[in-house]
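# Results of the structural survey
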Amino acid sequence: MTFSPELEARFAKFLAKYPEDRKRSATIPMLIYAQDEIGSVTPELVAEVAKRVGSTPLQVEEVVGFYSMLHKGKGMGKYHVQVCTNISCLLRGGAELYEQASQKLHLGHKQVSADGFVSLEEVECMGACSWAPAVQINYDFYHDVTPEQLDKLLSGLMAGKKPEEIAEVKKVSC
Amino acid sequence: MYNQPSPLEVPVLTRRFRLPNSHKIDTYLANEGYQAFEKAIGMSQDDIINEVKASGLRGRGGAGFPTGMKWSFVPRQSPKPKYIIVNGDESEPGTCKDRLLMEFDPHQLIEGILIAGLAVGAHQGYIYIRGEFRYLIEHMDRAIDEAYARGYLGDNILGRGIKFHLATHSGAGAYECGEESALLESFEGKRGNPRIRPPFPAVAGAYSCPTVLNNVETYCAVPSIILKGAAYFAGLGSPKNGGTRLFCLSGHVNKPGVYELPMGFNLMRLINEVGGGVRGGKKLKAVIPGGSSCPVLKADECDLNLDFDTVAAAKSMLGSGGVVVMDEDTCMVKAALRIMRFYAHESCGWCIPCREGTTWLRKVLQRFHDGQGVKSDIVLIGDLSRNMLGRTFCPLGDAAAMPTIAFVEKFRDEFEAHLDGKPCPYEKKLVAA
Ligand SMILES: Cc1cc2nc3c(=O)[nH]c(=O)nc-3n(C[C@H](O)[C@H](O)[C@H](O)COP(=O)(O)O)c2cc1C
Ligand code: FES
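Rules used in this analysis
Residues numbered from 1 in each chain as written. Chains lettered and ligands numbered in written order. Predicted model: local features only at pLDDT ≥ 70, side-chain atom pairs only at ≥ 80, totals over all residues. Heavy atoms only, no water. Helix = DSSP H or I, 4+ residues; strand = E, 2+ residues; numbered from the N terminus. Buried < 20%, exposed > 50% of the residue type's maximum accessible area, 1.4 Å probe, protein only. Contact = heavy atoms within 4.5 Å. Areas by Shrake-Rupley, 256 points an atom, 1.4 Å probe, with all protein chains shown as cover. Lys, Arg positive; Asp, Glu negative; His and termini not counted. Charge placed at Lys NZ, Arg CZ, Asp CG, Glu CD. Pairing = 2+ DSSP bridges. Axes fitted to C-alpha atoms, helices over the stretch in contact; angles between N-to-C directions. Buried area = accessible area lost by both parts, 1.4 Å probe. Salt bridge = Lys/Arg side-chain N within 4 Å of Asp/Glu carboxyl O. Nonpolar A, V, L, I, M, F, W, Y, C, P; charged D, E, K, R; others polar. Polar contact = N/O pair within 3.5 Å; in protein donor to acceptor, adjacent residues only side chain to side chain. Domains from an automatic or database assignment. Near = heavy atom within 4 Å. 1 Å grid on protein atoms, 1.4 Å probe; cavity = no way out; pocket = protein on both sides within 12 Å on 5 of 7 lines; lining within 4 Å. Sits in = over half its atoms within 2 Å of the grid points. Expected span 1.5 Å × (residues − 1). Points joined across faces, edges and corners; volume = space filled by probe spheres on them.

## What to know about the overall build of chain B
The helix and strand inventory of chain B stands at 17 helices and 12 strands. Residues counted as buried form 64% of the 433 residues belonging to chain B. Restricting to contacts in chain B with at least 6 residues of sequence separation, those with at least 24 account for 70%. For chain B, the accessible area works out to roughly 14900 Å², and carbon and sulfur atoms hold 54% of it. Within chain B, the 48 negative side-chain charges are centred at a point lying 2 Å from the centre of the 50 positive side-chain charges.

What follows is the structure in structure tokens.
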């Protein structure tokens, strides 16, 4: 399998982190970064990662099923909208935000739009509880999200815009 | 920072957070940075461990185990390499503090790790960060690069013959991987199922080698202890509970946020004076004092001091410092259900009582909330929960059972109000305007 030079460089860095006989430690980091590039965890990716870390494909396969961020099949959309409804977000309107997103996008939990651009997921606590309700689009956090802000984000995505082009609502930056 | 500070805060771990470029090594070095590490180089391993012991520092990940004692369990004579592992999985619902410590002062964490390395003779560390925190993984990577470039990491640190290497490690979404033994499995590239203990990680952790495994905030406290002394740190908190803690205040308060306060700070003062009181002038109904695994406290139990021992005496736990405030309009059945949905989703499936118990409890609570419950379900919930307690490899089963028992015992009237086809009396009122 061929990957972008950036991803290859990352893989090399990952593999260098762990002791010589412990390259299996790189399995999960490799899978998640590769998924970002190719869209999902395909059987070819599983075989390739297995080869590089010195595991069997079965050993990698069983890992994939365990982690909620790793997706088989077609994977999630290009922009994956994750709405937290766990306790702190629930208390400040997270469940209503999820409903709103579901109705507006016509998508249910872990469903992807027909064009593959947007997907939705009701997620567990994402570590933003004091700034609830919280939403993540891919890896970007949005804190204290109001229904109006969510509506703008979703409208933008539905019009094919990237989240960073939706000027009215800013992600949390670091 | 994502929220305004409170004048009642005692900034120790967060004292640099509001400096411009607080995350850069130059800011760190200009503000006491890496001085504790230099001091620790001149100390013996026992001196470092004794200082941490005397400081009264207890683990900030949840269990509150004395950190110095944990470090002293690492066998010095072992011929195997030793590892320092950082638990940056931060996934206990209600908890959002490790994120800030890594974001605003990453070098404080690196320095704490280095000192732990000196204390136990380790030369390699890994920071396990939950996969959702991608921006933080890259942020920590940049800080680690800076530390290498300035000679604070590498084969010959500061030319003093000290070797220590450090790297980040990404998770991929699994609450269970915050549990120390499951984290180690995940770190080794496997499913995050827990290990049987003993042996504890101090003896057989990463790659079956002696390992120190602590929470991010725990390591971040170490430089202040070494630099300013155990007595200073111990004096900040309450007896046997040294230092300050980053409390994550969330839910129905006017000013939710992360606030650094002395251990033993009063919970009602946290809600009213730091948090600006309950939102909308409503009455307080209940508080979860330390993340969703901790038994709920009724409003009249909340006049208590937030340290490990006082909260334990009130039959709850200080846990991870996530203080979740619920007002009078909150449905306790709904809260219990949402929390159980979480545990049922996150149970790793390794132990049958946890896997089956959480799923069964989720179904019973859902039935209850839908108005389809019958009186005997109240007993069933208690029975199921009690049969999970202590019967699993890791404490996730307990973490699901304990809060459920408390919800039913303390709010039995609310459970009864949902019986026999009655609709939830709080529905529509849950989210205040
Ligand atoms: C189900 C479960 C999840 C946990 N999640 C976390 C976590 O996200 N972060 C953390 O630091 N500790 C977590 N812990 C606690 C760890 O097992 C461990 O006790 C802790 O990291 C030790 O560090 P400390 O002594 O510094 O607190 C969890 C425990 C359990 C049982
Ligand atoms: S509960 Fe939603 S971020 Fe923690």
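## Some points on unusual backbone geometry
Look at the link from Ala132(A) to Pro133(A): it is a cis peptide, with omega at -5°. Its location among the elements puts Pro133(A) in the loop between β3 (118–123) and β4 (135–137). Look at the link from Pro198(B) to Pro199(B): it is a cis peptide, with omega at 5°. In this structure, Pro199(B) sits in the loop between α8 (180–187) and β5 (211–215). Here the phi dihedral of Glu90(B) falls at roughly 25°; this positive angle occurs in a residue that is not glycine. Positionally, Glu90(B) belongs in the loop between β1 (83–88) and α5 (98–104). Classification of Glu90(B) by relative accessible area gives buried; the value is 6%. Although it is not a glycine, Lys315(B) sits at a positive phi angle of roughly 65°. Residue placement: Lys315(B) occurs in the loop between α12 (308–313) and β12 (322–327).

## Description of the sheet that holds strand β10 (residues 297–298) of chain B
All names here are of chain B. If you trace the five strands from one edge of the open sheet to the other, you get β7-β6-β12-β9-β10, paired in mixed fashion. In the strand order of this sheet, the two ends are held by β7 (257–262) and β10, each with one partner. As paired strands, strand β9 (residues 284–288) and β12 are joined by four bridges and run antiparallel to one another. Paired with Leu284 across the strands is Asp327, a residue of β12. Against the sheet, helix α11 (residues 267–274) touches β6 (244–251), β7, β9, β10 and β12, its axis set at about 115° to β9.

## Examining the interface of chain B and chain A
On the side of chain A, 47 residues touch chain B, which itself brings 67 residues to the contact. With both chains or domains summed, chain B and chain A bury close to 4800 Å², and 57% of this area falls on carbon and sulfur atoms. The tally of links from chain B across to chain A stands at four salt bridges. When the shortest N-O distance is used, the salt bridge between Arg10(A) and Glu138(B) registers 3.7 Å. Ranked by residues supplied to the side of chain B that touches chain A, first place goes to helix α13 (residues 332–346) of chain B with eight residues. Split by residue class, the side of chain B that touches chain A holds 30 nonpolar, 22 polar and 15 charged.

## Considering the side chain of Ser186(B)
By the element assignment, Ser186(B) lies in helix α8. A relative accessible area of 0% places Ser186(B) in the buried class. Separated by 2.8 Å, the side chains of Ser186(B) and Tyr128(B) make a polar contact. Apart from residues no more than four positions distant in its own chain, Ser186(B) is found in contact with Ile28(A), Tyr67(A), Tyr128(B), His169(B), Cys177(B) and Arg191(B).

## Focus: the domain arrangement of chain A
Partitioning chain A into domains gives domain 1 (5–66) and domain 2 (79–165). Computed from C-alpha atoms alone, the centre-to-centre distance between domain 1 of chain A and domain 2 of chain A is 29 Å.

## So, the site of ligand 1
Residue and element names in this part refer to chain B. In the vicinity of ligand 1 there are 20 residues, among which Gly61, Lys70, Asn214, Asn215 and Thr218 approach most closely. In the environment of ligand 1, an oxygen atom lies 2.7 Å from a nitrogen or oxygen atom belonging to the side chain of Thr218. When ligand 1 is considered free in solution it has 610 Å² of accessible area, and contact with the protein chains removes 90% of it. Most atoms of ligand 1, that is more than half of them, are within 2 Å of grid points of the largest pocket. If you tally residues by element for the shell around ligand 1, the top one is β5, at three residues. Its residues assigned to classes, the shell around ligand 1 comprises four nonpolar, nine polar and seven charged.

## So, the sheet that holds strand β1 (residues 79–84) of chain A
All names here are of chain A. If you trace the five strands from one edge of the open sheet to the other, you get β2-β3-β1-β4-β5, paired in mixed fashion. The sheet terminates laterally at β2 (111–112) and β5 (140–142), the two strands that pair on one side only. Sheet analysis places β1 next to β4, joined by three bridges and oriented antiparallel. Opposite Val81, over in β4, you have Ile137 as the bridge partner.

## Things to note about helix α16 (residues 396–410) of chain B
Turn by turn, an α-helix covers 3.6 residues, leaving residues three or four places apart pointing in a common direction. An ideal rise of 1.5 Å per residue puts 21 Å on 15 residues; α16(B) measures up with 22 Å between its terminal C-alpha atoms. Buried residues dominate α16(B), accounting for 13 of its 15 residues.

## A word on empty space enclosed by the protein
Residue and element names in this part refer to chain B. Counted by the stated rule, this structure contains two cavities of 30 Å³ or more. Roughly 60 Å³ of volume is contained in the largest cavity. Residue lining of the largest cavity: Glu176, Pro194, Ser347, Cys348, Trp350, Cys351, Cys354, Thr392, Phe393, Cys394, Leu396 and Gly397, and that is the complete set. Among the residues forming the lining of the largest cavity, the class breakdown is eight nonpolar, three polar and one charged. What the second largest cavity holds in volume is close to 50 Å³. Of all elements in the fold, only α6 (106–120) and α9 (216–228) reach the threshold of two or more residues within the lining of the second largest cavity. At three residues, α9 tops the list of elements feeding residues into the lining of the second largest cavity. Its residues assigned to classes, the lining of the second largest cavity comprises four nonpolar, two polar and four charged.

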